[in-house]
Amino acid sequence: MDTLERKDDLFEVAEIKLSYSANVKSSLRPRVESSRQVYEVFAQAWDNDRIEFVEDFKVMLLSRANRVLGIVNISSGGTGGTVVDEKLIYAAAIKSNSSSVILAHIHPSGNFRPSEQDKRFTQRIKQAGNILDIPVLDHVIMTADGYYSFADEGEL
C-alpha cells in the first residue's frame, strides 16, 4: 500500500509559468545605439559607491528596436573578480522576451582593458546567445573614469 502512495507522488510537479510584465511604455524606454549610450544607461543603474569597490556584473536586456527592457544584476564579487552563471543571463533574457543583450561589469582597479578571462567568457556567452538567437551586442567594462567596449574594439 505504501508503494502505491509513493507512485502517485511522482506525478505531482510544479507548474512553470513564463511571463513578462512591463511597467514602462515602449516609447519611454531608452534606446541605445552606441557604446557611449550603453555606458551612460548602465552608469545610471550602478551604485556609484561600488564602482571602485567590487566587481559587479549586469546585463542589459533589449527589444528588437534596441530599447532597454531592463537591467538585471547577475552577480557581485570581490575586488578581483565575480562568478557569473551563464544560465542566469539567458534565463533573464528569455523571461523578458529579449531580442539581444549587452553585458557589463566593473573593474574596481580602474583598468578598463579586458583580461584573458574576460575575453574567453565573452566568447562563451556569445556562442550561447547565437544558439538561442539572443545575440550579445556588446560587453562593456566600466570604471570610474571610462569604459571599454568589446564591440568598438572588434572583439565580438
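Just so it is clear, the structure is predicted and the values come from calculations on it, not from any experiment. (Residues numbered from 1 in each chain as written. Predicted model: local features only at pLDDT ≥ 70, side-chain atom pairs only at ≥ 80, totals over all residues. Heavy atoms only, no water.)

A.B. asks: Got a minute to help me understand the overall build of the chain in this structure?
C.D. replies: For the chain, the helix and strand inventory stands at 4 helices and 5 strands. Residue burial in the chain is summarised as follows: out of 156 residues, 38% are buried. Relative to all contacts within the chain whose residues are 6 or more apart in sequence, the contacts with residues 24 or more apart total 66%. (Helix = DSSP H or I, 4+ residues; strand = E, 2+ residues; numbered from the N terminus. Buried < 20%, exposed > 50% of the residue type's maximum accessible area, 1.4 Å probe, protein only. Contact = heavy atoms within 4.5 Å.)

A.B. asks: Could you clarify how one ought to interpret the pairing of strand S4 (residues 136-142) in this entry?
C.D. replies: Along a regular strand, successive side chains alternate from one face of the sheet to the other. Along S4, 6 of the 7 residues are buried, which leaves the element largely enclosed by surrounding structure. Of the pairings in the sheet, the one linking strand S3 (residues 100-106) to S4 comprises 6 bridges and is parallel in character. Within S4, the position partnered with alanine 104 by the bridge is valine 140. Crossover handedness for the path S3 to helix H4 (residues 116-132) to S4: right-handed. Bridge analysis of S4 against strand S5 (residues 147-149) gives 3 bridges, and the strand direction is antiparallel. Bridging from a neighbouring strand, isoleucine 141 pairs with tyrosine 148 of S5. Hairpin connection between S4 and S5: a loop of 4 residues separates the two successive antiparallel strands. (Pairing = 2+ DSSP bridges. Right-handed = clockwise from strand over helix to strand, strands pointing away.)

A.B. asks: Explain the packing of aromatic side chains here, please?
C.D. replies: Aromatic rings in a pair are described by how distant their centres are and how their planes are angled relative to each other. A complete count under the given rule lists 4 aromatic pairs for this structure. Relative to tyrosine 147, the ring of tyrosine 39 lies with its centre 4.8 Å away and its plane at 20°, an arrangement referred to as stacked. Here tyrosine 39 is found in helix H2 (residues 35-45), whereas its partner tyrosine 147 is found in strand S5, with 108 residues between them in sequence. The ring of tryptophan 46 carries the charged tip of lysine 58 above its face, separated from the ring centre by 5.0 Å. (Phe/Tyr/Trp six-rings, centres within 6.5 Å; stacked < 30°, edge-to-face > 60°. Lys NZ or Arg CZ within 6 Å of the ring centre and 35° of its normal.)

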